[in-house]
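Coordinates in review
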Amino acid sequence: MSEADSGTAETSGGRTIAVLGEMLELGDESVGAHREIGRFAAEVGVDLVVAVGTDLAQQLALAAGDAGVPEVAIVRDNRTAAAYLHKVVRPGDTVLVKASRGGQLWQVAQSLSGQPVTNMSGQPVE
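Quick summary incoming for the structure in this document. Quick caveat: nothing in here was measured; it's all calculated off a predicted structure.

1. Some points on the overall build of the protein chain
If you tally the helices and strands in the protein chain, you get five helices and four strands. The order of α-helices and β-strands along the protein chain, N terminus first, is α-β-α-β-α-β-α-β-α. For the protein chain, the C-alpha radius of gyration of 14 Å lies close to 14 Å, the compact-globule estimate for 126 residues. Overall, the protein chain is about 40 × 40 × 25 Å in size when its C-alpha atoms are taken along their principal axes. When the 126 residues of the protein chain are sorted by exposure, 35% land in the buried category. Counted over contacts in the protein chain with a minimum sequence separation of 6, partners at least 24 positions apart contribute 62%.

Structure (structure tokens):
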């Protein structure tokens, strides 16, 4: 996310929603980096953070909430994230989806845009 991303929803009249998965392979820096991203989401005015994953996603979500993001959700997997987002996304909302490739968060974007959901090999997921 960059500062340029923060103004997108303002012009469309909707909310900014950040669907953020765990950043893999960060080693000793993992917890701090996830907390930093949560705080950054608040700084740039994200309205809803959906953290996807387990322990590191929880760290990201807690930091986002503590820093002032008005709504925060924690979900365990991409399927749950997509189902949640289908319920809460409204016309005019801007949704950013970002994670390590290993998190396969593109599946959430595929679901939201009505595309077939695929795995790492590009094969459809049932």
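2. As for the pairing of strand β2 (residues 48–52)
Within β2, five of the five residues are buried, leaving the element largely enclosed by the surrounding structure. Along β2, one buried face is formed by Leu48, Val50 and Val52 and the opposite face, lined by Val49 and Ala51, is buried too. Sheet topology places strand β1 (residues 16–21) next to β2; five bridges connect them, and they run parallel. When the sheet's bridge partners are listed, Ala18 is paired in β2 with Val49. Since β1 and β2 lie parallel, the crossover through helix α2 (residues 30–43) that links them has a hand, and here it is right-handed. Where β2 lies against strand β3 (residues 71–75), five bridges are found, and the strand directions are parallel. Note that in β3 the partner of Val49 across the bridge is Val72. As for the winding sense of the linkage, the β-α-β connection from β2 through helix α3 (residues 55–67) to β3 is right-handed.

3. Some details on helix α4 (residues 78–88)
Buried within α4 are the following residues: Asn78, Ala81, Ala82 and Leu85. When α4 is viewed along its axis, its buried side chains cluster within an angular range of 95° and face the same direction. Among the exposed residues of α4, those oriented more than 90 degrees off its buried face are Arg79 and Lys87. For α4, the side-chain oxygen to backbone nitrogen distance between the N-cap and Arg79 is 3.3 Å, and the N-cap itself is Asp77.

4. Considerations on the sheet that holds β3
With respect to topology, four strands assemble into an open sheet ordered β3-β2-β1-β4, the strand pairing being parallel. Pairing within the sheet leaves two strands with one partner each, and these edge strands are β3 and β4 (94–98). Going across the sheet, the axis of each strand differs from the next one's by a mean of 15°, ignoring polarity. Sheet contacts for α3: β1, β2 and β3; angle to β2, the most-contacted strand, approximately 165°. Strand contacts of α4: β1, β2 and β3, with the helix running at about 160° to β2, the strand carrying the most contacts.

Here is what the cut-offs are and how they apply
For every chain, the first residue of the written sequence is number 1, and numbering continues from 1 along that sequence. Only residues with pLDDT of at least 70 are given local features in this predicted model, and only at 80 or more are side-chain atom pairs given and counted; all residues enter the totals for whole chains, interfaces and linings. With hydrogens and water set aside, each side-chain value is computed from the structure's full complement of heavy atoms. Secondary structure elements follow DSSP: runs of H or I no shorter than four residues count as helices, runs of E no shorter than two count as strands, and numbering proceeds from the N terminus. It is over C-alpha atoms that the radius of gyration is taken, and the globule rule equals 2.2 Å times the number of residues to the power 0.38. For every residue, the accessible area obtained with a 1.4 Å probe (protein chains only) is divided by the maximum for its type, and the residue is called buried under 20%, exposed over 50%, and partly exposed between those limits. In this description, contact between two residues means that some pair of their heavy atoms is separated by no more than 4.5 Å. For two strands to count as paired, DSSP must find a minimum of two bridges between them. Look down the strands so they point away from you; if the path from the first strand over the helix to the second goes clockwise, the crossover is right-handed. Of all possible arcs, the one meant is that of the directions from the helix axis to the C-beta atoms. Two N or O atoms form a polar contact when they lie within 3.5 Å of each other; inside protein one atom must be a possible hydrogen donor and the other a possible acceptor, and for residues adjacent in sequence the pair counts only when both atoms belong to side chains. Fitted lines through C-alpha atoms give the axes, limited to the stretch in contact for helices. The angle between two N-to-C directions lies from 0 to 180 degrees.

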